[in-house]
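Topology and contacts: notes
Letter by letter, the chains look like this.
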Amino acid sequence: MRNNHHSLYTPQHTIFHFKTSYRPYHCPQRHSLMVALRLPSVSALFSPSAAVSRRYPDILWRSDHNVRRFSGVSAQSTAEKEASPETEPVRVAARKDRDEERRVTPRSQDFNAWYNDVIADAELADYGPVRGTMVIRPYGYAIWEAIQDYLNVKIKETGHSNMYFPQFIPYSFIEKEASHVEGFSPELAVVTIGGGKELEEKLVVRPTSETIVNHMFTQWIHSYRDLPLMINQWANVTRWEMRTKPFVRTLEFLWQEGHTAHATPEEAEKEALQMIDVYTKFAYDQAAIPVITGRKSEVETFAGADRTYTIEAMMGDQKALQAGTSHNLGQNFSRSFGTQFTDENGQRQHVWQTSWAISTRFVGGIIMTHGDDAGLMLPPKIAPIQVIIIPIWRKTDEQTGVLNAASSVAEVLKSASIKVQLDDSDQRTPGWKFNFWEMKGVPLRIEIGPRDVSSGSVVISRRDVPGKQGKVFGISMEPSILVAYVKDKLDEIQSSLLERAKSFRDSNIVDVSSYGELKEAISLGKWARGPWSASDAEELKVKEETGATLRCFPFEQSPGMKTCLMTGNPTEEVAIFAKSY
């Protein structure tokens, strides 16, 4: 790897120089690329395809929202389709607001463009000044915090403690584990200059932490009494991706990564399976994403692991998303770093290890699983705002009474631990607010107008059921009735989103028994599930010829022997193939 770099520093400042090596797939020759810290053109940022990148010259800036967006065909909002005694007068305004303010490319027209439009309009993230980076905005970060809140509790309940490791790792650490450096070299960001001087040893900006964790474990673990050692850290990670997509694949992302050391291989295996189970339950119970849990093939196993377990999620375009992984590292890293302990018999042994992680890519998975042409659709359990209250009045003398009632309703729901927000701004029309909060995926909307105040009731609309079908009139403001109704509807929405995603997933998985059937299923955008015991070379052939990868061998397998779809040999397992992010 060449050590080429320019001298870009001043005596008053420390400038980090980064170098990344890139190796095309199946190309043994590694190419060194210097990464210049320039501000790229907007059209170069987050370009999943040439078609999408060509859209960026059409990005518009709106000073009133400070949101970048694509121009595109607008989707009809449910605000237009609904009518009530209070909302009927705002229907025309809603249409006007929508046409002037919000345009989202329909999912069916261009899924990638739709995804980027939603991220911009829902104010989840914006583009960083360095190509491939993103700024996570407050609403997007609040979704990540909801993920953190749940997982942090589960991580601690399973006996792990949080701590933090440095993000700069000596390059020599990466080189100690052969398959690890082989797997990560194309993605490394390397610091070669610091403080105006060339460093004696290059530093890697954390791509993952197995190496530095083992360096410290070696100093902390001496006896079997020190085991198991189970830690977790919430951190940022840098991987120099060539093709990026907001949340799903960026140069820098956020994650939690757990690391454990054990005295026996059985304990390590139990730990790896326990944590993938934690991730599976999170996906189903909190994110309403029906993942398929299983074991990765040797080709797809994490660099340096004996086994990798995964949760695979189907996105709205039928592509697979690897949403979380848990690795049984065996003794690969402990042997490389000399991480040993004295067992009960006084013998020196290498520890058995695991690592496991979920990242901000899960936010992208939530968007692509549940979103529709009106924007985000968030499961209530991870929604930063579960209920939005929109007061409606036409005359000045109606304003005070409506706002007082709306504030009272907000306080009632807050006291019941429901995440509620009152949009009492008078700078926007109710129709604009309907569209805006639909875009943000808030599960329930409460509308309160003068007639509702007089009758002591509210109108409640569900985000997951558009139009009149999702709107209910005359729900009493009496606290016990209102709270019970809102909680019941939030539970219904959570269950409905999961069942809808399950139905979509199952209808797009095709059982195949031959390679021809596999290729046909993949060509139709489906997941192909079939018996598999073929070689690594034949697995790579599938990827080369279809663009699909072996996502996992699902834990749920039907009993009995089967016939491998590729070789005709007997096998006990079926595998799932799909195109993926």
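About the thresholds
Residues numbered from 1 in each chain as written. Predicted model: local features only at pLDDT ≥ 70, side-chain atom pairs only at ≥ 80, totals over all residues. Heavy atoms only, no water. Helix = DSSP H or I, 4+ residues; strand = E, 2+ residues; numbered from the N terminus. Buried < 20%, exposed > 50% of the residue type's maximum accessible area, 1.4 Å probe, protein only. Contact = heavy atoms within 4.5 Å. Areas by Shrake-Rupley, 256 points an atom, 1.4 Å probe, with all protein chains shown as cover. Pairing = 2+ DSSP bridges. Axes fitted to C-alpha atoms, helices over the stretch in contact; angles between N-to-C directions. Left-handed = near helix turned anticlockwise from the far one by under 90°. Phe/Tyr/Trp six-rings, centres within 6.5 Å; stacked < 30°, edge-to-face > 60°. Core = buried A, V, L, I, M, F, W, Y, C linked by side-chain atoms within 4.5 Å. Polar contact = N/O pair within 3.5 Å; in protein donor to acceptor, adjacent residues only side chain to side chain. Parallel < 35°, antiparallel > 145°, perpendicular 65-115°, else oblique. Nonpolar A, V, L, I, M, F, W, Y, C, P; charged D, E, K, R; others polar. Salt bridge = Lys/Arg side-chain N within 4 Å of Asp/Glu carboxyl O.

**Here we look at the overall build of the protein**
Scanning the protein from terminus to terminus reveals 17 helices and 29 strands. Counting across all 581 residues of the protein, residues that qualify as buried make up 55%. Taking the intrachain contacts of the protein between residues at least 6 apart in sequence as the baseline, contacts between residues at least 24 apart amount to 70%. Summed over its atoms, the accessible surface of the protein is roughly 24,600 Å², and 50% of this surface lies on carbon and sulfur atoms.

**Digging into the sheet that holds strand S25 (residues 527-531)**
With mixed pairing, eleven strands are arranged side by side in an open sheet as S7-S11-S12-S18-S15-S14-S13-S26-S29-S25-S24. Two strands close off the open sheet at either side, each with one partner strand: strand S7 (161-162) and strand S24 (509-511). Alignment of S25 against strand S29 (residues 574-578), held across four bridges, turns out to be antiparallel. Residue Ala-528 lies in a different strand from S29, and its bridge partner there is Phe-577.

**A look at the pairing of S29**
Extensive coverage of S29 is indicated by the burial of five of its five residues. By the alternation rule, side chains of S29 split into Val-574, Ile-576 and Ala-578 and Ala-575 and Phe-577, which are all buried. Bridging between strand S26 (residues 549-554) and S29 involves three bridges; their strand directions are antiparallel. Directly across from Cys-552, in S29, lies its bridge partner Ile-576.

**Some points on the packing of helix H12 (residues 396-415) against helix H15 (residues 479-507)**
Between H12 and H15, the least distance of the axes is 10 Å, while the angle of their chain directions is 65 degrees. The two elements H12 and H15 cross, and the hand of that crossing is right-handed. The residues of H15 that touch H12, namely those facing Val-409, Val-412 and Leu-413, are Pro-479, Leu-482, Val-483 and Val-486.

**As for the side chain of Thr-360**
Within the secondary structure layout, Thr-360 lies in the loop between strand S18 (352-359) and helix H11 (361-370). On the basis of relative accessible area, Thr-360 is assigned to the buried category, the value being 1%. Not counting the four nearest positions on each side in its chain, Thr-360 is found in contact with Ile-136, Trp-144, Phe-247, Phe-253 and Leu-254.

**Points about helix H13 (residues 430-439)**
Most of H13 sits out of view: ten of its ten residues are buried. In the segment just after H13, Gly-441 is the residue with positive phi, at about 75 degrees.

**Observations regarding the sheet that holds strand S19 (residues 387-391)**
Picture the strands of a sheet paired through backbone hydrogen bonds; they go either parallel or antiparallel. Across the sheet, five strands lie side by side as S20-S19-S21-S22-S23; this open sheet has mixed pairing. A strand with exactly one partner marks an edge of an open sheet, and here the two such strands are strand S20 (420-422) and strand S23 (471-476). Between one strand axis and the next, the sheet turns through 25 degrees on average, direction left out of account. Here five bridges tie S19 to strand S21 (residues 444-448), and the two strands are oriented parallel to one another. Residue pairing across strands places Ile-390 opposite Glu-447, the latter belonging to S21. Sitting on the sheet, H12 touches S19, S20, S21 and strand S22 (457-462), and the angle it makes with S19 is about 170 degrees. The sheet strands contacting H15 are S19, S21, S22 and S23, and the helix crosses S22 at an angle near 5 degrees.

**Regarding the packing of aromatic side chains**
Under the definition given, this model contains twelve aromatic pairs. Both rings, one in Tyr-150 and one in Phe-282, keep their centres 5.5 Å apart while their planes meet at 40 degrees; by these two values the pair is tilted. Residue Tyr-150 is located in helix H5 (residues 138-157), and its partner Phe-282 is located in helix H9 (residues 265-285); the two are separated by 132 residues in the primary sequence. Pairing Phe-436 with Trp-437 gives two aromatic rings, centres 5.0 Å apart and planes at 80 degrees, and the pair type is edge-to-face. With respect to class, Phe-436 is no different from Trp-437; both count as buried. An aromatic cluster is built from Tyr-150, Phe-282 and Phe-362, whose rings are joined through pairwise contacts.

**Some details on the environment of Leu-329**
Here Leu-329 is to be found in strand S15 (residues 320-330). Residues Leu-329 and Phe-302 lie 27 residues apart in sequence; the distance between their C-alpha atoms is 8.8 Å. Look past the residues within four positions of Leu-329 in its chain and what remains in contact with it is Glu-210, Phe-302, Gly-304, Ala-305, Asp-306, Gln-353, Thr-354 and Ser-355.

**Regarding the nonpolar core**
Among the nonpolar cores identified, the biggest contains 59 residues, and Leu-124, Leu-151, Phe-247, Phe-362, Ile-366 and Ile-367 are the most heavily contacted of them. With eight residues, the single largest contributor to this core is H5. Beyond its immediate stretch of four places on either side in the chain, Leu-151 contacts Trp-234, Val-278, Tyr-279, Phe-282 and Ile-358.

**Details of the pairing of S26**
Burial analysis of S26 places six of its six residues in the buried class, the great majority of the element. The pairing of strand S13 (residues 292-295) with S26 spans two bridges and is classified as antiparallel. Looking at the pairing, Arg-295 lines up with Phe-553 of S26.

**A short note on the side chain of Thr-571**
Relative to the elements of secondary structure, Thr-571 occurs in strand S28 (residues 570-571). Polar contacts involving the side chain of Thr-571 include one to the main-chain carbonyl oxygen of Trp-532, which spans 3.3 Å. Sequence-distant contacts of Thr-571, that is, excluding residues within four places in its chain, are made with Pro-531, Trp-532, Ser-533, Gly-560, Met-561, Lys-562, Thr-563 and Cys-564.

**Some thoughts on the packing of H5 against H11**
One way to put it is that H5 packs onto H11 with a least axis distance of 10 Å and a crossing angle of 110 degrees. Accordingly, the angle class assigned to the pair H5 and H11 is roughly perpendicular. Every residue of H11 that contacts H5 at Ile-143, Trp-144 and Ile-147 is listed here: Phe-362, Val-363 and Ile-366. Classifying every residue of the contact of H5 with H11 by side-chain character gives six nonpolar, no polar and no charged.

**Comments concerning the pattern of salt bridges**
One pass over the full model with this rule turns up 19 salt bridges. Here Glu-241 makes a salt bridge to Arg-249, at a shortest N to O gap of 3.4 Å. You can call Glu-241 buried: its relative accessible area is 13%. Relative accessible area serves as the criterion here: at 28%, Arg-249 is assigned to the partly exposed category. For Arg-505, the salt bridge goes to Asp-506, with nearest N and O atoms at 2.9 Å. What makes Arg-505 buried here is its relative accessible area of 12%. One network of salt bridges, in which partners are shared, links Glu-438, Arg-445, Glu-447 and Lys-471.

In short, shape yes, function no, at least from these values alone.
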